[in-house]
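So the chains spell out like this:
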Amino acid sequence: MAQRVVIVGSGSGGTMVANRLVRAIPEDVRSGKVEVVLIGAESTHVYQPGFLYIALGQAQPEGFKRPETDMLLPGVQWVPEAATKIDPTKKSVQVASGRTIEYDFLVLATGSVPDLDAIPGFREGGHSFYTLEESLRLRDALQSFDHGKLLLIIGVPHKCPVAPLEFLFMYDDWLRRTGKRDQIELEYTYPISRLHSLQPVSDWIDQLFPERNIKFQTFFNVETVDPVKKVVYTLEGEEDNYDLLVGIPPHVGAQVIRDSKLGDRDGWIPTDRLTLKVKGYDNMYAIGDATDLPLSKAGSTTHYESEVVVKNLVHELQGEKPVVLYDGKIYCFIEAGLDQATHISFDYNHPPEPSNPTATVHWFKLAFNEMYWLSLRGLF
Ligand SMILES: Cc1cc2nc3c(=O)[nH]c(=O)nc-3n(C[C@H](O)[C@H](O)[C@H](O)COP(=O)(O)OP(=O)(O)OC[C@H]3O[C@@H](n4cnc5c(N)ncnc54)[C@H](O)[C@@H]3O)c2cc1C
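Residues numbered from 1 in each chain as written. Predicted model: local features only at pLDDT ≥ 70, side-chain atom pairs only at ≥ 80, totals over all residues. Heavy atoms only, no water.

**Q** Account for the nonpolar core, naming residues and giving values.
**A** Of all hydrophobic cores here, the largest spans 86 residues; its most connected members are Phe129, Leu150 and Tyr188. Of all the elements, helix α7 (residues 163-177) adds the most residues to this core, at 8 residues. For this core, the domains that each give at least three residues are domain 1 (3-111 + 254-325) and domain 2 (116-251). Core analysis: the second largest hydrophobic core is formed by 22 residues, Leu106, Ala254, Val278 and Met284 among them. (Core = buried A, V, L, I, M, F, W, Y, C linked by side-chain atoms within 4.5 Å. Buried < 20%, exposed > 50% of the residue type's maximum accessible area, 1.4 Å probe, protein only. Helix = DSSP H or I, 4+ residues; strand = E, 2+ residues; numbered from the N terminus. Domains from an automatic or database assignment.)

As structure tokens, then:
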């Protein structure tokens, strides 16, 4: 009898798992012994790291979008619908049309989303670059911003923990090149006692911020925004004014995870850090931003996790034990200006070590932006 693997979420992680799995067991998929079903709410696949370049006027949205069906290898059964309910007891997923899809193994790759309403007043008074629409709105605001203070506020958790830094460094560089830097003050804030969740990154920017004349404040958790007075108020009792407010709102997990009671209050899925199994469910994996793992929520995290999950699924489909463990590997490029970048690579046992930014690393990042579509197809 056929065994069915159902993957919910067709972003980076879900698409990679589906493609890698049909690549790993082509005969089983061709013969119908294994069915690989991908359920996704979006028919257009959007490369989210592109939002940074769009906001800063460095790229157009079209380059970062492809039809999801163009990304899928033959053998992946595509269900272009939102999952509305997951029932682990019945081993089934219900989709928006009311259809129920049963599974033998389930992979949850439902990602995370910024909660624009988490900070009252932010939606009215702030800008962001964490969705396509927001990045276009910020692009317009930046183009007409010619003097005053840009205040950057950050809520946690959020995906791509280095993207706010990239935004500031690229914008600082752009202002210098256009001769506007003296008219614009840049202020960075962070919710904990240091400048970044990763200590080595915090140490690195601690040196860089004074060199770039970027002011900063720590222990800065914005509670409300007054969009009329252009002031933010923090949980710590501070207030700060702004002329242009850019923020990364705290993120939450997908609604279907909360509705199916598979996650915590914010929808993060309890996940084993080594096996990537959803805690309490032997036939369910979670990857990417959707997990509750205290790791950087990044595409590269998702990428390495997808390799582990697919290898283990192959074992399990053959009746063997899943033996491959995730070591926490993550790799991130960090733009440090418009034409230089650094990179960090780390895992559960090795901290990141940012090195001096170079033009070469910047070109690697741009090259990866193009190669992403190949990685989705499981080519590397
Ligand atoms: C501005 C920005 C810059 C970034 N830069 C980088 C970077 O430089 N490097 C890096 O590694 N990462 C970066 N990231 C992070 C990276 O994009 C994410 O970490 C990555 O996409 C996570 O993959 P995922 O599969 O977990 O989630 P996603 O790719 O977000 O996919 C989740 C999918 O699940 C779908 N979904 C949700 N609910 C349902 C449902 N009920 N039914 C069906 N489908 C559903 C969503 O529609 C979505 O398609 C950046 C992100 C942003 C926003």
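**Q** Before we move on, could you go through the packing of aromatic side chains and cite the residues and values that matter?
**A** Enumeration over the complete set of coordinates arrives at 16 aromatic pairs. Seen in terms of ring centroids, Tyr372 and Trp373 are 5.2 Å apart; in terms of plane orientation they differ by 70°. Their pairing is edge-to-face. The pair Tyr372 / Trp373 is uniform in exposure class, with both members buried. One aromatic cluster is present, formed by Phe169, Tyr188, Tyr190, Trp204, Phe209 and Phe216 through successive ring pairs. For the cation-ring pair, Arg273 lies above Tyr348, with the distance from its terminal atom to the ring centre recorded as 4.0 Å. (Phe/Tyr/Trp six-rings, centres within 6.5 Å; stacked < 30°, edge-to-face > 60°. Lys NZ or Arg CZ within 6 Å of the ring centre and 35° of its normal.)

**Q** I'd love a proper account of the pattern of salt bridges, names of residues and values included.
**A** One pass over the structure, following the stated rule, counts 17 salt bridges. Salt-bridge contacts for Glu307 lead to Arg20; the nearest nitrogen and oxygen are separated by 3.7 Å. Residue Glu307 is located in helix α10 (residues 299-317), and its partner Arg20 is located in helix α1 (residues 12-24); the two are separated by 287 residues in the primary sequence. Residue class for Glu307 comes out partly exposed when judged on its relative accessible area of 27%. What makes Arg20 buried here is its relative accessible area of 11%. Residues Lys277 and Glu316 are paired through a salt bridge, measuring 3.0 Å at the closest nitrogen-oxygen approach. Placement of the pair is Lys277 in the loop between α9 (255-259) and β20 (284-286) and Glu316 in helix α10, with a sequence separation of 39 residues. Here the salt bridges do not stand alone but share partners, grouping Lys149, Glu187 and Asp240 into one network. (Salt bridge = Lys/Arg side-chain N within 4 Å of Asp/Glu carboxyl O.)

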